[in-house]
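Working through the structure, step by step
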Amino acid sequence: MPDEKRLKQLMNKYPAIEDLRRRARRRIPFVAWEYMETGTGAEGALRRNRQRLDAITFVPRFMKGELSPDLRTQLLGRTYSAPFGVAPVGLMGLMWPRAEQILARTASRYGIPFCLSTVATQTPEAVGPLVGEMGWFQLYPPREPALRAGLLQ
């Protein structure tokens, strides 16, 4: 129950994503914030993503009784607890020390995929055992075939 109590405390302290965003901006180094907050090029993908997310409206359904949704999904022959996972973020350790390990353990505990970035601050050898069967790897393939083969190995 300590996790549930802590979660409730955090939700009361940071009720909206924007609250977490403001806190993170004050807490992490500026270079890490800039890396995480911006996109590439003219940042068109950021604008399109924001527009599409803003177009979604969640409509609560009250007084429908107890709901027990099944969020499990299958992908590539494996069943996951939810239809999402932890996306690869390069240089995650700049945002928080050992972030890859923390998120890998969390993904494993909850049965969702964890994807390690090619430009992670931790190696696949360090993170892989923590994520177990939920591990993925995002490969930015180097031009050098031997280097690419080594990353995949």
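Let me begin by describing the structure that accompanies this report. All values derive from a computational prediction rather than experimental measurement.

By secondary structure assignment, the location of Thr73 is in strand β1 (residues 73-75). Given the relative accessible area of 29%, Thr73 is considered partly exposed. Remark: the alpha-carbon pair of Thr73 and Ile112, spanning 39 residues in sequence, is separated by 9.7 Å.

Let us look at the packing of helix α6 (residues 99-110) against helix α7 (residues 124-131). Between α6 and α7, the least distance of the axes is 8 Å, while the angle of their chain directions is 25°. Our classification of the angle between α6 and α7 gives roughly parallel. Crossing geometry of α6 relative to α7 is assigned as right-handed. Between α6 and α7, the contacting residues are Glu100, Gln101, Ala104, Arg105 and Ser108 on the first element and Val127, Leu130 and Val131 on the second. By residue class, the composition of the contact of α6 with α7 is four nonpolar, two polar and two charged.

Another point: the pattern of salt bridges. By the definition in use, this model includes seven salt bridges. Between Glu37 and Arg21 there is a salt bridge, with its nearest N and O atoms 2.6 Å apart. Of this pair, Glu37 sits in helix α3 (residues 30-37) while Arg21 sits in helix α2 (residues 17-27), and the two are 16 residues apart along the sequence. Overall, the relative accessible area of 33% leaves Glu37 in the partly exposed class. Assessed through its relative accessible area of 29%, Arg21 is described here as partly exposed. Residues participating in the shared-partner salt-bridge network are Glu18, Asp19, Arg21, Arg22 and Glu37.

The next subject is the nonpolar core. Across soluble globular proteins, you tend to see nonpolar side chains buried next to one another. Membership of the largest hydrophobic core is limited to 11 residues, which are Tyr80, Ala82, Ala104, Ala107, Ile112, Phe114, Leu116, Ala120, Val127, Val131 and Met134. Mapped onto this core, the elements with two or more residues apiece are α6, β3 (114-116) and α7. If we ignore the near neighbours within four places in the chain, the residues touching Tyr80 are Arg72, Thr73, Leu75, Gly111, Ile112, Pro113, Met134 and Trp136.

Criteria and cut-off values
- Residues numbered from 1 in each chain as written.
- Predicted model: local features only at pLDDT ≥ 70, side-chain atom pairs only at ≥ 80, totals over all residues.
- Heavy atoms only, no water.
- Helix = DSSP H or I, 4+ residues; strand = E, 2+ residues; numbered from the N terminus.
- Buried < 20%, exposed > 50% of the residue type's maximum accessible area, 1.4 Å probe, protein only.
- Axes fitted to C-alpha atoms, helices over the stretch in contact; angles between N-to-C directions.
- Parallel < 35°, antiparallel > 145°, perpendicular 65-115°, else oblique.
- Left-handed = near helix turned anticlockwise from the far one by under 90°.
- Contact = heavy atoms within 4.5 Å.
- Nonpolar A, V, L, I, M, F, W, Y, C, P; charged D, E, K, R; others polar.
- Salt bridge = Lys/Arg side-chain N within 4 Å of Asp/Glu carboxyl O.
- Core = buried A, V, L, I, M, F, W, Y, C linked by side-chain atoms within 4.5 Å.

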